[in-house]
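Analysis of the macromolecular model
Residues per chain are reported as follows:
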Amino acid sequence: MKARVHVMPKAGVLDPQGKAIGHALEALGFAGVGEVRAGKVIELDLAETDPARAKAAAEEMARRLLANTVIESFRVEIA
Amino acid sequence: MRAVIIVFPGTNRERDMAIALERATGRKPALLFHRETALPDGTDLVVLPGGFSYGDYLRCGAMAAQSPVMREVAAFAARGGHVLGVCNGFQILCEAGLLPGALLRNATLRFLSMDCHLRVERGATPFTAHWRQGAVFRAPMAHGDGNFFCDDETLTRLTAENLVAFRYCEPDGQVTAAANRNGARQNIAGILSPNLRVCGLMPHPEDLVDPLMGGEDGLPLFTSLVEGLAAA
């Protein structure tokens, strides 16, 4: 069972990387791009076959290591 | 003082740290690899030096914070042991939860390699006793992720409990936005644990401990520790 962990900088936490991407898009001529936030996606291949248990396990992994909840929020998606 | 320097894969400032500690203590510190599961008997001080542990994978310090030796370092700190983290070492202490907050990418996105000035915000601690409160000293810095961040509640607590050790400032001691090159909250360069025994900072006092290095501005950190730990 695959779990996808989306990790994003929390609202209110400065995201200079997202800002730089936004500037680059503007330089390329893309108009109308507002705020850009850059995060990461971590894909996990889990032996667990129960979706609820797989989600709970991935969330625990996110809390312990994959995300730093001081600065990042996360969302787990089971596929 | 028996100091132990922890070395992770990708640590690269352990030798500078060893020179500074030896200069202050007259004794070579032990180097301990990340896989070790015990600190040497009689360890007084654990130092996490700078570098790029585990290639900064995931987040700076995140992998190192989970390594076997860090369980021992956390237990040592819980017993009241003294721990110093510099640069990547500060990032590891935050990731391990031994200090609050986190170090974000520099606000400018630039790697900063230059001298900065620091103001001693809290004197009379094991790490700062040999400076007077408000003293200003020069320290080299070299980091891409030194932008100290914490939530408002933590910031209020750090300020109220007087746990900010160092702030970025101008050479004359003024704490200005211009001196805050990495964008840290309230110019914070270094903080202390509530028991004042764990200290993390981004700049490198260990790189200015000998006239041959261009100055001895950083030496008081180490002489403070020698005296403070002898008294402890």
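Everything discussed here concerns the structure shown above.
I will try to describe carefully the structure that is included in this document.

1. Description of helix α2 (residues 51–66) of chain A
Residue and element names in this part refer to chain A.
- The end-to-end C-alpha distance of α2 is 19 Å, clearly below the 22 Å that 16 residues give at a rise of 1.5 Å each.
- For α2, the full list of buried residues reads A54, A58, A62 and L66. Along the axis of α2, the buried residues cluster in a sector spanning 80°; they form a single face. Residues of α2 that are exposed and point over 90 degrees away from its buried face: A52, R53 and R64.
- Its buried side turned inward, α2 meets β1 (2–9), β2 (40–45) and β3 (72–78).

2. Remarks on the environment of F149 of chain B
- Of note, F149 of chain B is situated in strand β8 (residues 147–149).
- What makes F149 of chain B buried here is its relative accessible area of 13%.
- For the pair F149 of chain B and L208 of chain B, spaced 59 residues apart in the sequence, the C-alpha separation amounts to 26 Å.
- Residues within four places of F149 of chain B in sequence aside, it is in contact with G12, V13, V70 and I71 of chain A together with G101, A102, L104 and R185 of chain B.

3. Things to note about the pattern of salt bridges
- Applying the stated criterion across every chain yields a total of 21 salt bridges over all chains.
- For the salt bridge of D145 of chain B with R105 of chain B, the shortest nitrogen-to-oxygen distance reads 3.3 Å. Of this pair, D145 of chain B sits in the loop between β7 (136–143) and β8 while R105 of chain B sits in the loop between β5 (102–104) and β6 (112–120), and the two are 40 residues apart along the sequence.
- In this structure R105 of chain B comes out as partly exposed when scored by relative accessible area, which is 35%.
- With a shortest N-O distance of 2.6 Å, E121 of chain B and R167 of chain B are connected by a salt bridge. Placement of E121 of chain B in the loop between β6 and β7 and of R167 of chain B in strand β9 (residues 164–169) is noted, with a sequence separation of 46 residues between them. Assigned by exposure class, E121 of chain B and R167 of chain B land together as buried.
- In this structure, a network of salt bridges that share partners links the residues R4, E43 and E77 of chain A.

4. A closer look at the nonpolar core
- Counting residues in hydrophobic clusters, the biggest one holds 68 residues, and the most contacted among them are I6, L84, L118, F148 and F166 of chain B.
- Ignoring any residue separated from it by four or fewer positions in sequence, one finds F148 of chain B in contact with F90, P100, G101, A102, L103, L158, A184, R185, I188 and I191 of chain B.
- Counting residues in each nonpolar core, the second largest holds 12 residues, with A3, I42, A54 and A67 of chain A among its members.

5. Observations regarding the pairing of strand β11 (residues 198–201) of chain B
Residues and elements named next belong to chain B.
- Of the two faces of β11, the one lined by V198 and G200 and the one lined by C199 and L201 are each fully buried.
- Bridge count between strand β4 (residues 82–86) and β11: 4 bridges; the pairing is parallel. Within β11, the residue paired with L84 across the bridge is C199.
- As defined by bridge partners, strand β10 (residues 188–192) adjoins β11 across 3 bridges and the pair is classed as antiparallel. Residue L192 lies in a different strand from β11, and its bridge partner there is C199.
- Here β10 folds back onto β11, and the loop between the two strands holds 5 residues, one of which, L196, carries a positive phi near 65°.

Conventions adopted
Residues numbered from 1 in each chain as written. Chains lettered and ligands numbered in written order. Predicted model: local features only at pLDDT ≥ 70, side-chain atom pairs only at ≥ 80, totals over all residues. Heavy atoms only, no water. Helix = DSSP H or I, 4+ residues; strand = E, 2+ residues; numbered from the N terminus. Expected span 1.5 Å × (residues − 1). Buried < 20%, exposed > 50% of the residue type's maximum accessible area, 1.4 Å probe, protein only. Arc of directions from axis to C-beta. Contact = heavy atoms within 4.5 Å. Salt bridge = Lys/Arg side-chain N within 4 Å of Asp/Glu carboxyl O. Core = buried A, V, L, I, M, F, W, Y, C linked by side-chain atoms within 4.5 Å. Pairing = 2+ DSSP bridges.

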